[in-house]
Amino acid sequence: MSTLKPLQIDVVSDVVCPWCYIGKHRIESALALVPDVPVKLNFRPFFLNPWVPRDGISREDYLTTKFGSVEAYKNIAGRVVAAAGEEGLIYKPELVARQPNTTDCHRLILWAEAIGKAPEMKQRLMELYFRDGGDLTDVNVLVQAAADVGLDADDVRKRLATDEDVARVSADAQEAAEKGISGVPTYVFAQKYAVSGAQDPNMLARAIRQVSAEINAQAAE
């Protein structure tokens, strides 16, 4: 029986950030490389595009505002699509028709955390968006995604119609920004070491082992 103190890893990311989609897979691959290290993985909200209104905007308007034109994004997208493919993930940018504000997505992840399903909720939302071109501004899409991971559909529909946890999600995202996190994904180990970017699983595994050893050595002193 392990007596090691679990290492807390906070993954600060957004569900519409393609490198976060890749980064989630890589941190999970890293954890598989260090099965003997106890880890508590938390998913923390970040707003990649805080300027997008709550009801979203067309993908065309979004790409034009952010990258100058739809064409300009195609060059960037190719590299990300290839990187996703190397992880066994599918990203089809041409299917995305609407750019969402992700406040409601982060609320769903928070509510799923209460039943131990935050990773599954985040994965479902990312797959809907990147793989299927799902409209994450559509309440029916969100309710179905929540039901897919085991949340009660009627309960989620009622809660989404309120402002429950909007302030909390916004405050958490703001806190990350105030701590200097501007690029995501960012992995925060033991609330003190931050690693930015979708890093290689081997590098992440080494960091997990190293920080775990450090916090357990301190706990033993």
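Predicted model, so just to flag it, every value in this text is computed and none were measured. (Residues numbered from 1 in each chain as written. Predicted model: local features only at pLDDT ≥ 70, side-chain atom pairs only at ≥ 80, totals over all residues. Heavy atoms only, no water.)

**Quick notes on the sheet that holds strand E2 (residues 39–45)**
- Strand order in the open sheet formed by 4 strands is E2-E1-E5-E6, with mixed pairing between adjacent strands. The outermost strands of the open sheet, each flanked by one partner alone, are E2 and strand E6 (193–196). The average angle at which neighbouring strand axes cross in this sheet is 20°, direction not considered.
- Here strand E1 (residues 7–13) pairs with E2 via 7 bridges, running parallel. By the bridge assignment for E2, Gln8 is matched with Lys40.
- Together, E1, E2 and strand E5 (186–189) form the strand contacts of helix H1 (residues 18–33), whose direction differs from that of E2 by roughly 170°. (Pairing = 2+ DSSP bridges. Helix = DSSP H or I, 4+ residues; strand = E, 2+ residues; numbered from the N terminus. Axes fitted to C-alpha atoms, helices over the stretch in contact; angles between N-to-C directions. Contact = heavy atoms within 4.5 Å.)

**Focus: the nonpolar core**
- Core analysis: the biggest nonpolar cluster contains 67 residues, and Leu108, Met121, Leu125, Phe189 and Ile208 have the highest contact counts within it.
- In terms of residue count, helix H5 (residues 118–131) provides more of this core than any other element does, 7 residues in total.
- Beyond its immediate stretch of four places on either side in the chain, Ile208 contacts Leu7, Ile9, Ile27, Ala30, Leu31, Val34, Val37, Val39 and Phe189. (Core = buried A, V, L, I, M, F, W, Y, C linked by side-chain atoms within 4.5 Å. Buried < 20%, exposed > 50% of the residue type's maximum accessible area, 1.4 Å probe, protein only.)

**A word on the pattern of salt bridges**
- Within this structure, the stated rule accounts for 15 salt bridges.
- We note a salt bridge from Glu127 to Arg124, for which the minimum N-O separation is 3.9 Å. Taken together, the residues span about one helical turn, with Glu127 and Arg124 both in helix H5 at a distance of 3 residues.
- Glu175 is the partner of Lys179 in a salt bridge, and the nearest nitrogen-oxygen pair spans 3.0 Å.
- With a relative accessible area of 62%, Lys179 lands in the exposed category. (Salt bridge = Lys/Arg side-chain N within 4 Å of Asp/Glu carboxyl O.)

**Here we look at the packing of aromatic side chains**
- What the rule picks out here adds up to 5 aromatic pairs.
- When the ring of Tyr21 is compared with that of Phe130, the centres are 4.6 Å apart and the planes differ by 10°; the resulting orientation is stacked. Of this pair, Tyr21 sits in helix H1 while Phe130 sits in helix H5, and the two are 109 residues apart along the sequence.
- Centroid distance Phe67 to Tyr73: 4.9 Å. Interplanar angle 40°. Geometry classified as tilted.
- A residue is classified by how much of its surface remains accessible, and Phe67, at 27% relative accessible area, is partly exposed.
- By relative accessible area, Tyr73 is classed as buried at 8%.
- Through successive ring pairs, a cluster of aromatic residues spans Tyr21, Tyr91, Tyr129 and Phe130.
- Of note, Arg159 hangs over the ring of Trp111, and the distance from its end group to the ring centre comes to 4.3 Å. (Phe/Tyr/Trp six-rings, centres within 6.5 Å; stacked < 30°, edge-to-face > 60°. Lys NZ or Arg CZ within 6 Å of the ring centre and 35° of its normal.)

**Considering unusual backbone geometry**
- A cis amide bond, omega 5°, links Val184 with the succeeding residue Pro185.
- In this fold, Pro185 is placed in the loop between helix H8 (166–178) and E5.
- Although it is not a glycine, Asp165 sits at a positive phi angle of roughly 70°.
- Summarising the element assignment, Asp165 is placed in the loop between helix H7 (153–160) and H8.
- We classify Asp165 as partly exposed; its relative accessible area is 23%.
- Here the phi dihedral of Gln191 falls at roughly 60°; this positive angle occurs in a residue that is not glycine.
- Within the fold, Gln191 resides in the loop between E5 and E6.
- Here Gln191 falls in the exposed class, since its relative accessible area comes to 61%.

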